[in-house]
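Breakdown of the fold
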Amino acid sequence: MKSSLTTRMVLWITLSVIAIFTVISSYDYWFTHKLLNLQLRQLAELEVSASETEVSDMLDRLQHQADLTASLIKHVSPSQNKIESMLATAMRQNKEAYGMAVIVEPSNSSQNKAEAYASYFFRRGESLNFVNLASESYKLRQKQWYLQALQLDSPRWTEPYFDDGAGEILMTTYLVPIRNNKGFTLITIDIAVSTLQKMLAQMEDKQGMSIYAITPGRHIISGNDESLMLLQLDEVSLQVNKTPFLFNTLLDKIKNQQSGNFSTYCPKIKEACEISYAPLGDTHWTLLVGYSHVDLAAQLNTYNIRRFLQIACGVFLLAFVILAITRRQFLPLKELDKATKEFAQGKLDYTLPAAPRNDEIGSLTQSFSQMQVSLKKHIKELQHETKQRERINSELRTASQIQLSLLPSDNKLNDTSLGVQLSAYLQPARAVGGDLYYYHIQDDQSQENSPLLRFVIGDVSDKGVAAAIFMARVVTAIKAIEKQAANPADLLTQLNHQLVEDNEACMFVTLLAGTLDLHSGELKIASAGHPMPLYLRNSNTSTSKNNTVTQITQLNGPALGLYEYEFEALEITIEPNSYLFAYTDGLDEATNPQGELYGEENIITCLQTQTLSDTNTLISDTLRAASQFTNGAEPADDLTLLAIHWVGIKK
Amino acid sequence: MSLTIEVVNQAADCKKIYLIGRLDTNTAQQLEDTIDKEVNEKTSMLTFDMASLEYISSAGLRVLFKTSKALKKHGGHFGLMHLQPQIQKVLDIVKALPAVPIFRNEQEMDDYLDAMQQKVLDGDD
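Described in the following lines is the structure provided in the data block. (Residues numbered from 1 in each chain as written. Chains lettered and ligands numbered in written order. Predicted model: local features only at pLDDT ≥ 70, side-chain atom pairs only at ≥ 80, totals over all residues. Heavy atoms only, no water.)

Examining helix α3 (residues 144-151) of chain A
Given 3.6 residues to a turn, an α-helix orients residues that are three or four positions apart in the same direction. All names here are of chain A. Taken residue by residue, α3 has W145, Y146 and A149 as its buried positions. Viewed end-on, α3 has its buried residues packed into an arc of 100°, placing them on one side of the element. Facing away from the buried side of α3, by more than 90 degrees, are the exposed residues Q144 and Q151. For α3, the elements touching its buried residues are β1 (97-106), β5 (161-162), β6 (170-180) and β7 (183-192). (Buried < 20%, exposed > 50% of the residue type's maximum accessible area, 1.4 Å probe, protein only. Helix = DSSP H or I, 4+ residues; strand = E, 2+ residues; numbered from the N terminus. Arc of directions from axis to C-beta. Contact = heavy atoms within 4.5 Å.)

Things to note about the packing of aromatic side chains
All chains considered together, the criterion is met by 15 aromatic pairs over all chains. Ring centres of Y27 of chain A and F31 of chain A lie 6.1 Å apart, and the angle between their planes is 20°; this geometry places the pair in the stacked category. One end of the pair is Y27 of chain A and the other is F31 of chain A, both in helix α1 (residues 2-76) and four residues apart, which spans about a single turn. Measuring from ring centre to ring centre gives 5.2 Å for W157 of chain A and Y174 of chain A, while their planes differ by 45°; the resulting arrangement is tilted. Of this pair, W157 of chain A sits in strand β4 (residues 156-157) while Y174 of chain A sits in strand β6, and the two are 17 residues apart along the sequence. Neither W157 of chain A nor Y174 of chain A differs from the other in exposure class; each is buried. One aromatic cluster in this structure is built from Y27, W30 and F31 of chain A. Here the guanidinium or amino end of K143 of chain A rests over the ring plane of Y138 of chain A, the centre of that ring lying 4.6 Å away. One residue, R22 of chain B, lies across the ring of Y55 of chain B, its end atom 4.3 Å from the ring centre. (Phe/Tyr/Trp six-rings, centres within 6.5 Å; stacked < 30°, edge-to-face > 60°. Lys NZ or Arg CZ within 6 Å of the ring centre and 35° of its normal.)

Side note on the sheet that holds strand β4 (residues 77-81) of chain B
All names here are of chain B. If you walk across this open sheet you meet the five strands as β1-β2-β3-β4-β5, and the pairing is mixed. Only two strands of the sheet have a single partner each, and these edge strands are β1 (3-11) and β5 (102-103). Direction of pairing for strand β3 (residues 45-56) relative to β4: parallel, over a ladder of five bridges. Residue F48 lies in a different strand from β4, and its bridge partner there is L80. Sheet strands touched by helix α2 (residues 58-73): β2 (14-23), β3 and β4. Its angle to β3, the strand with the most contacts, is close to 175°. Seen against the sheet, helix α3 (residues 85-94) touches β3, β4 and β5 and runs at an angle of roughly 110° to β3. (Pairing = 2+ DSSP bridges. Axes fitted to C-alpha atoms, helices over the stretch in contact; angles between N-to-C directions.)

Quick look at the pattern of salt bridges
Here the structure, examined in full by the defined rule, presents 17 salt bridges over all chains. With a shortest N-O distance of 3.6 Å, R454 of chain A and E482 of chain A are connected by a salt bridge. Residue R454 of chain A is located in strand β16 (residues 452-460), and its partner E482 of chain A is located in the loop between α9 (465-481) and α10 (488-500); the two are separated by 28 residues in the primary sequence. For the pair R454 of chain A and E482 of chain A, one class covers both residues: buried. The partner of E32 of chain B in a salt bridge is K66 of chain B, and the shortest N-O contact between them spans 2.8 Å. Here E32 of chain B, found in helix α1 (residues 25-38), pairs with K66 of chain B, found in helix α2; they are 34 residues apart in sequence, far enough to count as distant. Of the residues examined, E32 of chain B reaches a relative accessible area of 10% and is grouped as buried. Linked by salt bridges that have partners in common, K16, D49 and E106 of chain B make up one network. (Salt bridge = Lys/Arg side-chain N within 4 Å of Asp/Glu carboxyl O.)

This is the structure in structure tokens:
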């Protein structure tokens, strides 16, 4: 019980803590994620912008150099030598420039026709080389870039090309055409594609992005990404068919020299990424930058994993601490539980643990201690009471034995010579009772007096000890008076006289006294508030099997012990082979569980229907019928039955 | 089943006790206690109304007899009212209260009381 209490407490507290931390952490994660995303975006935008500036600056510088040279030539018209030395100087100042050329084609209509020439300076290692592009071997007029320049109205960058015969590398060239009355002059400045590529690669390495420079003709110059190098952006659309709409929009924007950004799936890094693009000043170039959140997300994940581990460790430790505290706090309860179990097994002397603190457990321990004392006291009292009761019971048993000894020693009489049979039954409702019976055969063997059966049945008011004592008094008095009494009426009158004296408790006894002349069958009977006996005959003459049961006429005086009274006796003669049946109210007032009384009618019916053979059977049959009626209900009163069978003496 | 006892003080020293239920061994003591409390030397008249008394045992009869005896000792009167047949039968057999008047209704009781008073007045003359 207590271990599970501890476990439950630890479990619930731990679960609660986990739940609380989960909610807090979720909010924290969401918030951090949002903040970091914002920061990343800002950082990325800053870096994109820095990259744009860097590339744009370089291209601007080259353009500016070419434009400046063109402007000088246009306005000052220097000599070939001067121009060539200018180009050489410009080349030394612009390290990014791979080469510069000046091509002069004087117009035919010009009056002072100047010499045509095409001079080209380019870098090879640290030194500056010179090539005459007008030489036969170079075939200037067949070069794509030159043919393009001839069509141009304004300066423009060429698409990357390999300068066969002069620069001998992959390059792109800024063309500045000048047309005036002196003819056609072209200033060019080259940048090696490799220089651009190196620059982009450096930026990529530094900023963790993919950077692409898009030429005006939409060729791609990439840094580290070789797969897209020099591909035409329009052609890439054929490969990127997953998001054609997005790509077409991008293409349109780049064509229109617009800037913008969008998020998409980048197959290269297999992650969602941001694409940002912007035109580079007035160069007609576009810079396209792709960057992902992968790094940041990874960082955030690392942070979260660490945080989760911290919380897990914390919760684990907390669980341990709670377990330790709970165990410690519940220790007295455990002791108390042990004590309770000992109590339950009846070990009331078990010493309770001392109340540790003045808290609930302390209070509980105190209450337990009080309970222990009360229980001990109660058990002691109970033992005392039990002892008392046992003593009383023992006394009652002795009293019962004494009372039984007051009754005739044998409850059966069967004198065949006198032709009489008698059975009696007495059952007190409690240990002792107030019912009594008595019989005595007076046979003095003389010729004058017939043998007599004297019998008495009585019921003292109430029951229990008081009734039993009064019964003893009655029986003793009967035994003393019986022999002097001339007849039953005289017996009752004398007995009553004795009992009325000193009867402060107002006890009384109903009594039936009779004598049966065993020769003549003459019955003298007197009653003191007791029902007359029933007279039974085995009617052979009757067609029915039923016995004849007659109630002897009630002639009675008051119960004995109440007031002085002169009793009278009834005299009748009974037939041979007849029965007399007397009883106390334990029979007719026997009650069943429904509260109904057994009653006189049931007694008579029972006697009518049974087979009359002897007095024992008569009593046992009557008892069986009564017990069937009461159906196990507690007997309310003492019960006495007396049955007499007069056979009649054969003379 | 139990016994309910209701005591009504009709006039000075004149009481009526209603017995409802069963007056047997188990309830006799209850009635005896009530009577010890209610009846004293000054009580001149005590009547038991037994209209709702269903059963009386010998223990109950003993209490009635004791009460009548106690009242008689101090010159008080004792009466019974509204006896049910089964109660009447028990009284007839045991004859515990031969001199006790039994009233069938209030009128009979009033007549009895009037006669008693007249008897006292006559005695004074």
